[in-house]
Amino acid sequence: MKKGLVLALLFALLGITAQPAMAVSVAQAAPPASQPQDPGRTQQFIQLASGWTQAGSAGGEAQLTGEPNPDLVVYLTFDDGPDPKWTPQVLALLEQYHARATFFEIGYNVKKYPDITLQVAQAGHTFGIHGFNHLDSTKLEYEVFYSEIVDNYSIIADVFSIDSSLINSLTPCFRPPYRAIDKTVINWVEGIGYELSLWDIDTEDWNNKTPEEIFSTVIIAIQPYSVILMHDGGGDRSNTLLGLALVLHELTLRGYTFGQYCTAYGQAYTP
Ligand SMILES: [Zn+2]
């Protein structure tokens, strides 16, 4: 990777902060039409990214050719969507890097924004269940827990009724809201034939982390088959977008590809 190209890409990525609605077109253009507004912040990004690039991968051997390595698969996952503002921007970034992901959408958001759910499916991504109302499963009676799953499944399946082939993207994976699980919940999940879909790397993008923090959290911990947790809904996701852009860029340079954590046959990998 040439340093000039790294700089051009980072400048392009920084454009996302200034103009969220133009994230895709800005990122695709090199160099960008406008310079970042904060030179100090820009310098920070450049130093951070070049430092990681020189340090090589977590496994020790740097893969900086950008050639995909079949042994270097990681799994991006996005919770709490769909969101009409943020989800399409996440989709655009994923498309740029030929990345596939799994989305754990909340039922009541699907009800509000079915077109966005359809966009996610048509882009080739898969879906897990995250509950219709995003409730703490450990505080529920079984009947309510069961309804949370079935209602979440049904609302997504309804969206896919216009194209029956999309139903295969709806997978038997359950991600518990708030990571709230206990022995009872685990038994319930197994009892209905679902897999409990957790993660290896929590970017904490839900916790007001900066793009730099999101990026470094992933890069420090990354290894083949890591499952990465991010969010495309539930608040302002502009830092998630910028952090995601950096992660996609850096991991692609290292030869990583981005697979689907959940498939119609269940989880590709169990953390
Ligand atoms: Zn959630």
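Cut-offs and rules
Residues numbered from 1 in each chain as written. Predicted model: local features only at pLDDT ≥ 70, side-chain atom pairs only at ≥ 80, totals over all residues. Helix = DSSP H or I, 4+ residues; strand = E, 2+ residues; numbered from the N terminus. Buried ≥ 20, exposed ≤ 12 C-beta atoms within 10 Å, placed from the backbone. Contact = placed C-beta atoms within 7 Å. Arc of directions from axis to C-beta. Core = buried A, V, L, I, M, F, W, Y, C linked by C-beta atoms within 7 Å. Axes fitted to C-alpha atoms, helices over the stretch in contact; angles between N-to-C directions. Parallel < 35°, antiparallel > 145°, perpendicular 65-115°, else oblique. Left-handed = near helix turned anticlockwise from the far one by under 90°. Nonpolar A, V, L, I, M, F, W, Y, C, P; charged D, E, K, R; others polar. Pairing = 2+ DSSP bridges. Right-handed = clockwise from strand over helix to strand, strands pointing away. pLDDT = per-residue confidence, 0-100.

Any chance you could explain the overall build of the protein chain here in plain terms?
On a plain count of helices and strands, the protein chain comes out with 10 helices and 10 strands. Within the protein chain, the fraction of its 271 residues that count as buried is 43%. Long-range contacts, defined as pairs at least 24 residues apart, comprise 75% of the intrachain contacts of the protein chain with a sequence gap of at least 6.

Help me understand helix α9 (residues 211–221) in this model?
Because each turn of an α-helix spans 3.6 residues, side chains separated by three or four positions in sequence point in the same direction. Within the span of α9, buried status applies to Pro211, Ile214, Phe215, Val218 and Ile219. For α9, the buried positions fall inside an angular range of 120° around the axis, keeping them on one side.

Help me understand the environment of Gly131, please; the structure alone is not making it clear to me.
Of note, Gly131 is situated in the loop between β3 (126–129) and α7 (142–159). A sequence separation of 22 residues divides Gly131 from Tyr153, and the C-alpha atoms of the two residues are 8.5 Å apart. In this structure Gly131 touches Ile106, Gly107, Glu148, Asn152 and Pro177, once residues within four positions along its chain are discounted.

When you look at the nonpolar core in this model, what are you seeing that I'm missing?
One recurring pattern in soluble globular proteins: nonpolar side chains tend to sit buried together. Counting 53 residues, the largest nonpolar core has Leu76, Val90, Val218, Ile228 and Leu244 as the members making the most contacts within it. By residue number, the principal contributor to this core is helix α10 (residues 238–253), which donates 8 residues. When sequence neighbours within four positions are dropped, the list of residues in contact with Ile228 reads Val74, Tyr75, Leu76, Thr77, Trp199, Ile201, Thr203 and Val218.

Explain the packing of α9 against α10 here, please?
A packed helix pair is summarised by two numbers, namely the angle formed by the two axes and the spacing between the axes. The interhelical angle for the contact between α9 and α10, taken along N-to-C directions, is 40°, at an axis separation of 8 Å. As far as their axial angle goes, α10 and α9 are oblique. You can see that α9 and α10 cross each other, and the crossing is right-handed. Residues Pro211, Ile214, Phe215, Val218 and Ile219 of α9 form the contact with α10, whose participating residues are Asn239, Thr240, Leu242, Gly243, Leu246, Val247 and Glu250. Here the contact of α9 with α10 is built from residues that sort into 8 nonpolar, 3 polar and 1 charged.

When you look at the pairing of β3 in this model, what are you seeing that I'm missing?
Regular strands place side chains that alternate from one sheet face to the opposite one. In β3, alternate side chains face the same way, and those of Thr126 and Gly128 on one face and Phe127 and Ile129 on the other are all buried. Taken together, the 4 bridges between strand β2 (residues 101–105) and β3 define a ladder with parallel strand orientation. Paired with Glu105 across the bridge in β3 is Ile129. Taking the sense of rotation as the criterion, the β-α-β connection linking β3, α7 and strand β4 (residues 170–174) turns out right-handed.

Looking at this structure, how should I read the confidence of the model for the protein chain?
Confidence in the prediction of the protein chain, expressed as mean pLDDT, is 82, and 74% of residues score 70 or more. Taken as a whole, residues 1–64 scores under 50 in pLDDT and shows 81 contacts with residues more than four places along the chain or in a different chain.

Help me understand the pairing of β4 in this model?
Counting buried residues in β4 gives 5 out of 5 residues, a clear majority hidden from the surface. Residues Leu170, Pro172 and Phe174 line one face of β4 and the alternating positions Thr171 and Cys173 line the opposite face, and both faces are buried. Relative to β4, β3 runs parallel, the two being bridged by 2 bridges. Residue pairing for β4: Phe127 is matched across the bridge by Leu170. Looking at chain direction, β4 and strand β5 (residues 195–196) are connected through 2 bridges and run parallel.

Whenever I open this one, the packing of helix α4 (residues 87–96) against α10 confuses me. Can you help?
Taken N-terminus to C-terminus, the directions of α4 and α10 make an angle of 10°; their axes are 10 Å apart at the nearest point. As far as their axial angle goes, α10 and α4 are roughly parallel. Here Gln89, Val90 and Leu93 of α4 lie close against α10, whose contacting residues are Leu241, Leu244, Ala245 and Leu248. Classifying every residue of the contact of α4 with α10 gives 6 nonpolar, 1 polar and no charged.

Looking at this model, I keep getting lost on unusual backbone geometry. Mind explaining?
For residues that are not glycine, phi is negative in most cases, and the peptide bond is trans in most cases. The omega angle of the peptide bond from Gly81 to Pro82 is -5°, so this bond is cis rather than trans. Mapped onto the secondary structure, Pro82 falls in the loop between β1 (73–79) and α4. Backbone geometry at His134 places phi at a positive 55°, although glycine is not the residue there. Relative to the assigned elements, His134 resides in the loop between β3 and α7. Among the residues examined, His134 registers 18 C-beta atoms within 10 Å and is labelled partly exposed. At Arg179, a position not held by glycine, the phi torsion is positive, near 55°. Along the chain, Arg179 turns up in the loop between β4 and α8 (183–191).

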